[in-house]
Amino acid sequence: MLRFFHQLASPRHFYRISGKLIPWLALACLVFTLTGVYQGLVVAPTDYQQGDSYRIMFIHVPAAWMSLFIYMVMAAAGVIGLVWHIKLAEIVAISSAHIGASFTFLALITGSIWGKPMWGTWWVWDARLTSELILLFLYLGVIALYNAVEDRRTAARATSILALVGVVNIPIIHYSVEWWNTLHQGPTVTKFDAPSIDLRMLIPLLLMAVAFKIFYAVVLLLRARVEVLQRERNSAWVQELVKEHE
Amino acid sequence: MNDFFHMGGYAVYVWSSYGIALLVLLANVIAPVRARRKLLSQLARSKQRARRMQR
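Residues numbered from 1 in each chain as written. Chains lettered and ligands numbered in written order. Predicted model: local features only at pLDDT ≥ 70, side-chain atom pairs only at ≥ 80, totals over all residues. Heavy atoms only, no water.

Draft legend 1. View of the overall build of chain A. Looking only at helices and strands, chain A has 9 helices and 0 strands in total. Beginning at the N terminus, the succession of helices and strands in chain A can be written as α-α-α-α-α-α-α-α-α. Taken along the three principal axes of its C-alpha coordinates, chain A extends 65 × 35 × 35 Å. Accessible surface computed for chain A: about 12300 Å², of which carbon and sulfur atoms make up 68%. Distance from the positive charge centre (19 side chains) to the negative charge centre (15 side chains) of chain A: 6 Å. (Helix = DSSP H or I, 4+ residues; strand = E, 2+ residues; numbered from the N terminus. Areas by Shrake-Rupley, 256 points an atom, 1.4 Å probe, with all protein chains shown as cover. Lys, Arg positive; Asp, Glu negative; His and termini not counted. Charge placed at Lys NZ, Arg CZ, Asp CG, Glu CD.)

Draft legend 2. Spotlight on the packing of aromatic side chains. All names here are of chain A. Using the criterion set out here, one finds 8 aromatic pairs over all chains in the structure. Ring centres 5.4 Å apart and planes at 70 degrees place the aromatic pair Y71 and Y139 in the edge-to-face group. Of this pair, Y71 sits in helix 3 (residues 57-84) while Y139 sits in helix 5 (residues 127-148), and the two are 68 residues apart along the sequence. Exposure class is identical for Y71 and Y139. Each is buried. Relative to F212, the ring of F103 lies with its centre 5.1 Å away and its plane at 45 degrees, an arrangement referred to as tilted. Remark: F212 occurs in helix 8 (residues 199-231) and F103 occurs in helix 4 (residues 87-119); sequence separation between them is 109 residues. Residue F212 is classed as buried on the basis of its relative accessible area of 1%. Here a set of aromatic residues connected by ring pairs shows up, and it is made of F103, F212 and F215. The ring of Y146 is capped by R152, whose NZ or CZ atom sits 4.5 Å from the centre of that ring. In this structure, R225 packs its charged tip against the face of Y15, placed 4.0 Å from the ring centre. (Phe/Tyr/Trp six-rings, centres within 6.5 Å; stacked < 30°, edge-to-face > 60°. Buried < 20%, exposed > 50% of the residue type's maximum accessible area, 1.4 Å probe, protein only. Lys NZ or Arg CZ within 6 Å of the ring centre and 35° of its normal.)

Draft legend 3. Here's a closer look at the packing of helix 5 of chain A against helix 7 (residues 169-179) of chain A. Residue and element names in this part refer to chain A. Remark: helix 5 packs on helix 7, axes separated minimally by 8 Å, with the N-to-C direction vectors making an angle of 160 degrees. Classified by the angle between their axes, helix 5 and helix 7 sit roughly antiparallel to one another. Crossing angle aside, the handedness with which helix 5 passes helix 7 is left-handed. Every residue of helix 7 that contacts helix 5 at A127, R128, S131, E132, I134, L135 and L138 is listed here: N169, I170, I172, I173, H174, S176 and V177. In terms of residue class, the contact of helix 5 with helix 7 is made up of 8 nonpolar, 4 polar and 2 charged. (Axes fitted to C-alpha atoms, helices over the stretch in contact; angles between N-to-C directions. Parallel < 35°, antiparallel > 145°, perpendicular 65-115°, else oblique. Left-handed = near helix turned anticlockwise from the far one by under 90°. Contact = heavy atoms within 4.5 Å. Nonpolar A, V, L, I, M, F, W, Y, C, P; charged D, E, K, R; others polar.)

Draft legend 4. Structural detail: helix 4 of chain A. Residues and elements named next belong to chain A. Counted at 1.5 Å a residue, the expected span for helix 4 with its 33 residues is 48 Å, and the 46 Å between its end C-alpha atoms agrees. Counted residue by residue, helix 4 has 24 buried out of 33 residues, so it is predominantly covered. Two residues or fewer after helix 4 comes G120, characterised by a positive phi angle close to 85 degrees. (Expected span 1.5 Å × (residues − 1).)

Draft legend 5. Molecular detail of the confidence of the model for chain B. Residues with a pLDDT of 70 or more make up 96% of chain B, whose mean pLDDT is 87. With pTM at 0.89, the complex prediction returns an ipTM value of 0.88. (pLDDT = per-residue confidence, 0-100.)

Draft legend 6. Representation of the nonpolar core in the model. Residues and elements named next belong to chain A. Within the largest apolar cluster, 80 residues are counted, with the highest numbers of intra-cluster contacts made by M57, F58, Y71, M74, F103 and L229. Looking at this core, the element that brings in the most residues is helix 8, giving 17 residues. Not counting residues up to four positions away in its chain, the partners in contact with M57 are P62, W114, I197, M201 and L205. (Core = buried A, V, L, I, M, F, W, Y, C linked by side-chain atoms within 4.5 Å.)

Draft legend 7. Seen up close, the interface of chain A and chain B. Taken together, the 41 residues of chain A in the interface contact 30 residues of chain B. Taken together, the links from chain A to chain B amount to 0 salt bridges. Here chain A is connected to chain B by 4 residue pairs in polar contact (both at pLDDT 80 or more). Its residues assigned to classes, the side of chain A that touches chain B comprises 25 nonpolar, 8 polar and 8 charged. (Salt bridge = Lys/Arg side-chain N within 4 Å of Asp/Glu carboxyl O. Polar contact = N/O pair within 3.5 Å; in protein donor to acceptor, adjacent residues only side chain to side chain.)

Given below as structure tokens:
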């Protein structure tokens, strides 16, 4: 087992193993997404307050969860890269930034589209929405900083520190609906007592959450592979790969 | 079936959300796939150039 992880940390083995893993993960992601969307749009009943507009939730909530989850992965990978100088951790951190930014964007835009019919406005400057917008800017800041520094390793170190500082924002987003009065509804699933949601609505929500997690894994691997190739382009095994590509 | 697409009057909001989600997910997949292809052909070209230089 330990040997497996040791090999995984070597770029060459990572490239090989991830290449085998991706098709299976992609298949699993597709299955979860299709059943999730079907359950969410067809099986789940119409909400007694919000009508069918609430079906946006099956995109919006998992996307928002991902925006927080990916940020934590990015910051953790950044710290690992910073402390132990593991290249693969740096690669995971910067690849996550791109995916995290797009999930944050998706959470914001679907929230806005949901807000229009329910709240009567596309946007309010309340705690939840503003802190989520700051999260998007943090992701974009990480990407911009990484691209601005020429040397990849220095860039990775600088972005790790920025990502780490931004972690402060994560609990603020999570608790914003409890700390401040807001238009945004409180948590219905992650409460300690039983979730206050119909099971037929909860199932597609969880299916989509799993689907997005697997999707993140797939895109993370795809991105990390490119980044590995880029960094190892002078090594013998990449040259071998290029020969096959010719 | 018509009811399904009508979404109780919220069709514009629901379908645009799902549409945007699809676009965002697709873009996430396409970007690294294209980047990999571009990088490999770029490396192949510079390799050929190096070989020509040797002759």
